[in-house]
Amino acid sequence: MATINVSKKYTAKEKAYLPAILIGMKITMKRFVEGFFLGKHNTILYPEKKREYSDRFRGAHFISVDKNKTENCTACFLCETICPAECIHIVADEREDDQNPYGVAKEKKPASFDIDLLRCCFCGFCEEACPKDAIKLSTNYEMATYSREDAIVDLDHLKRDMNGRHEKVNK
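Below you will find a few notes about this structure. Counting of residues starts from 1 at the beginning of each chain's written sequence and follows it residue by residue. A pLDDT threshold of at least 70 governs which residues receive local features in this predicted model, and a stricter bar of 80 or more applies before side-chain atom pairs are shown or counted, although totals over entire chains, interfaces and linings include all residues. Computation of side-chain values covers all heavy atoms of the structure but excludes hydrogens and water.

### Section: the overall build of the chain
Put simply, DSSP H or I for four residues or longer makes a helix, DSSP E for two residues or longer makes a strand, and each gets a number counted from the N terminus. Along the chain, the regular secondary structure elements total 5 helices and 7 strands. Radius of gyration: over C-alpha atoms. The globule rule applied is 2.2 Å multiplied by the number of residues raised to the 0.38 power. Taken over the C-alpha trace, the chain has a radius of gyration of 27 Å; the compact-globule value for 171 residues is 16 Å, which it surpasses by more than 25%. Dimensions of the chain, computed from C-alpha atoms along their principal axes, come out at roughly 85 × 60 × 30 Å. The contact criterion used throughout is that any non-hydrogen atoms of two residues lie within 4.5 Å. Contacts in the chain between residues at least 24 apart in sequence constitute 69% of all its contacts with a sequence separation of at least 6.

The structure is reproduced here in structure tokens:
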């Protein structure tokens with residue numbers, strides 16, 4: 001049984017890619033006219049306008065705090081244990097009795113709570129594992145840094161003012 005050659009013979013016009021180039025130039029000119037003269041943009045003008053994500057978006061981490069700016073974390077190590085990227089590192093410490101005015105049983109606190117954002121895969125397992133609902137993922141997606149050391153966030157950075165999952169803007 002013989003093989004059949006089904007390849008197409010291209011014409012000189014098709015070999016020069018002229019129709020494809022002209023179609024591409026037509027689309028480019030259309031987008032240019034719409035954007036430059038009519039003000040219609042197909043992309044978001046990022047620094048001036050920011051994209052709104054849903055509350056389910058998993059961005060930068062934060063630790064919820066109570067009215068006295070005391071973190072809800074009890075250093076139970078569940079988030080560190082469940083983390084598949086092993087990017088969370090906690091050192092526990094004893095909590096003083098005067099830091100517990102409401103009578104809530106918080107015997108331990110984190111002496112240090114570090115998250116390496118470069119290793120994190122933002123899976124949300126830490127948030128699901130936390131029994132005190134202390135660690136959460138915000139909608140903040142701006143985490144660019146100039147060095148690797150700046151991408152390791154500590155307890156002071158994690159305990160910031162939040163409005164739900166959104167960061168409070170101080171004006």
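### Focus: a nonpolar patch on the surface
Patch membership requires over 30% relative accessible area and the absence of a salt bridge. Like charges are linked within 9 Å, and nonpolar side chains (Val, Leu, Ile, Met, Phe, Trp, Tyr) within 5 Å. Using a 1.4 Å probe, the Shrake-Rupley method yields the accessible areas, and only the shown protein chains count as cover for residues. Whenever a carboxyl oxygen of Asp or Glu lies within 4 Å of a side-chain nitrogen of Lys or Arg, that contact is scored as a salt bridge. Taken together, the side chains of Met29, Phe32, Val33, Phe36, Phe37 and Leu38 make up a nonpolar region of the molecular surface, amounting to roughly 670 Å² of accessible area. Turning to its location among the elements, Leu38 is positioned in the loop between helix H2 (18-36) and strand E1 (61-63).

### Things to note about the packing of aromatic side chains
Ring geometry is summarised as follows: Phe, Tyr and Trp rings, the Trp one being its six-membered ring, pair when their centres sit within 6.5 Å, and such pairs are stacked at plane angles under 30 degrees, edge-to-face over 60 and tilted between the two. Taken as a whole and assessed by the stated rule, the structure comprises 6 aromatic pairs. With a centroid separation of 5.3 Å and 10° between ring planes, the pair formed by Phe32 and Phe36 is classed as stacked. Of this pair, Phe32 and Phe36 both sit in helix H2, separated by 4 residues, roughly a single helical turn. Judged by relative accessible area, which is 43%, Phe32 ranks as partly exposed. Seen in terms of ring centroids, Phe57 and Tyr141 are 6.4 Å apart; in terms of plane orientation they differ by 90°. Their pairing is edge-to-face. Between buried and exposed lies partly exposed: a residue is buried under 20% and exposed over 50% of the maximum accessible area for its type, with that area taken using a 1.4 Å probe on protein chains only.

### A word on the sheet that holds strand E5 (residues 152-153)
One requirement defines pairing of two strands: DSSP has to find at least two bridges between them. Pairing in this open sheet of 3 strands is antiparallel, and the strands run E2-E3-E5 from one edge to the other. On the outer flanks of this sheet lie strand E2 (88-94) and E5, each paired with one strand and no other. Bridge analysis of strand E3 (residues 108-116) against E5 gives 2 bridges, and the strand direction is antiparallel. Along E5, the bridge assignment pairs Asp116 with Ile152.

### Points about empty space enclosed by the protein
In this analysis a 1.4 Å probe is tested at points of a 1 Å grid over the protein atoms alone, and where it fits but cannot get out there is a cavity; an open set with protein on both sides within 12 Å along at least five of seven lines is a pocket; lining residues have an atom within 4 Å of a point. Grid points are joined across faces, edges and corners, and a volume is the space filled by probe spheres set on the points. Counted by the stated rule, this structure contains 2 cavities of 30 Å³ or more. Volume-wise, the largest cavity comes out at about 90 Å³. In this structure, the largest cavity is lined by 14 residues; those nearest its centre are Cys73, Thr74, Cys76, Cys79 and Cys130. Looking at side-chain class alone, the lining of the largest cavity contains 12 nonpolar, 1 polar and 1 charged residues. Surrounding the second largest cavity, His61, Cys83, Pro84, Ala85, Cys87, Ile88, Cys120, Cys121, Cys123, Gly124, Phe125 and Cys126 form its lining. Each residue belonging to the lining of the second largest cavity can be placed in one class, and the counts come to 10 nonpolar, 2 polar and no charged. Residues are sorted three ways: Asp, Glu, Lys and Arg are charged, Ala, Val, Leu, Ile, Met, Phe, Trp, Tyr, Cys and Pro are nonpolar, and all the rest, Gly among them, are polar.

### Concerning the side chain of Thr139
Summarising the element assignment, Thr139 is placed in the loop between strand E4 (135-137) and E5. The class of Thr139 is buried, set by a relative accessible area of 13%. The residues contacting Thr139, other than those within four sequence positions of it, are Ser54, Asp55, Phe57, Arg165 and His166.

### Some remarks on the nonpolar core
Among buried residues, the Ala, Val, Leu, Ile, Met, Phe, Trp, Tyr and Cys ones that are joined through side-chain atoms within 4.5 Å form a nonpolar core. Within the largest apolar cluster, 21 residues are counted, with the highest numbers of intra-cluster contacts made by Cys87, Ile88, Phe113, Ile115 and Ile135. At the level of secondary structure, the elements contributing two or more residues to this core comprise E2, E3 and helix H5 (155-158). Discounting chain neighbours no more than four positions away, the residues touching Ile115 are His61, Cys87, Ile88, Ile135, Ala151, Ile152, Val153 and Leu158.

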